[in-house]
Amino acid sequence: MAIAVGSIVEGVVTGITNFGAFIELPDKVTGLVHISEVADAYVKDVRDYLKEQDHVKVKVIHVDENGKIGLSIKQANPSTRSNRERRQPTVSFEDKMAKFIKDSDERQLDYRRATESKRGGRGSGRY
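Computed from a predicted structure; not experimentally measured.

A. Representation of the overall build of the protein chain within the structure. Within the protein chain one finds two helices and five strands. For the protein chain, the N- to C-terminal ordering of α and β elements is β-β-β-β-β-α-α. Evaluated residue by residue, the protein chain yields a buried proportion of 25% over its 127 residues. Within the protein chain, counting contacts between residues at least 6 apart in sequence, those at least 24 apart form 50% of the total. Of the roughly 9600 Å² of accessible surface on the protein chain, a fraction of 52% belongs to carbon and sulfur atoms.

This is the structure in structure tokens:
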């Protein structure tokens, strides 16, 4: 079976490092799932998500000229992506902009008050 970019295959975790996990694919070919492609969430340690001999579904994301295969677990499971996208709140651009302007005005006012008091405003007693 030829490994083609974009195909989804099942493999077995054969090794875990600080930067990812090695997956043995069909035909005894090995590829690497980089730590950034293990899960949608931040992954501090790959061992929190995978252990050796786990069977995982992966998507082939690239094959370079040396035969190195790049894999992704999170891209192989599109249902988790659509769930994450649905959870994001739908706030309009205008609402975001209004909140930003309000926060910005409040910060500027606080800054002006602090600067004014340092300069000796409001009757500092200078003659």
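On we go from here.
B. Layout of the sheet that holds strand β3 (residues 29–34). The strand order around the closed barrel built from five strands is β1-β2-β3-β5-β4, with neighbouring strands paired in mixed fashion. Each strand axis lies, on average, 55° off the axis of its neighbour in the sheet, ignoring direction.

C. Quick peek at the pairing of strand β2 (residues 20–25). In this sheet, β2 lies alongside strand β1 (residues 8–16) in antiparallel orientation, the contact comprising four bridges. Counterpart to I16 in the pairing with β2 is A21. Direction of pairing for β2 relative to β3: antiparallel, over a ladder of six bridges. Paired with A21 across the bridge in β3 is V33. The turn joining β2 and β3, which pair antiparallel and follow one another in sequence, is formed by three residues; a positive phi near 65° is taken by D27.

D. A look at a nonpolar patch on the surface. Judged by side-chain polarity, F93, M97, F100 and I101 come together as a nonpolar surface patch covering roughly 430 Å² of accessible area. In this structure, I101 sits in helix α2 (residues 93–119). In this structure I101 comes out as partly exposed when scored by relative accessible area, which is 43%.

E. Quick peek at the confidence of the model for the protein chain. When pLDDT is averaged across the protein chain, the result is 84; 83% of the residues are at 70 or more. Considering each helix and strand of the protein chain separately, the mean pLDDT is smallest for helix α1 (residues 78–87), with a value of 51, and largest for β2, with 94. Contacts from residues 80–86, a stretch scored under 50 in pLDDT, to residues over four places away or in other chains number six contacts.

F. Quick peek at the packing of aromatic side chains. This model, assessed by the stated rule, comprises one aromatic pair. Relative to F22, the ring of F19 has its centre 6.4 Å away and its plane inclined at 85°; by these criteria the two rings are edge-to-face. Look at F19 and you get partly exposed, because its relative accessible area is 42%. We classify F22 as partly exposed; its relative accessible area is 31%.

Definitions and cut-offs
Residues numbered from 1 in each chain as written. Predicted model: local features only at pLDDT ≥ 70, side-chain atom pairs only at ≥ 80, totals over all residues. Heavy atoms only, no water. Helix = DSSP H or I, 4+ residues; strand = E, 2+ residues; numbered from the N terminus. Buried < 20%, exposed > 50% of the residue type's maximum accessible area, 1.4 Å probe, protein only. Contact = heavy atoms within 4.5 Å. Areas by Shrake-Rupley, 256 points an atom, 1.4 Å probe, with all protein chains shown as cover. Pairing = 2+ DSSP bridges. Axes fitted to C-alpha atoms, helices over the stretch in contact; angles between N-to-C directions. Patch = residues over 30% accessible without salt bridge, like charges linked within 9 Å, V, L, I, M, F, W, Y side chains within 5 Å. Salt bridge = Lys/Arg side-chain N within 4 Å of Asp/Glu carboxyl O. pLDDT = per-residue confidence, 0-100. Phe/Tyr/Trp six-rings, centres within 6.5 Å; stacked < 30°, edge-to-face > 60°.

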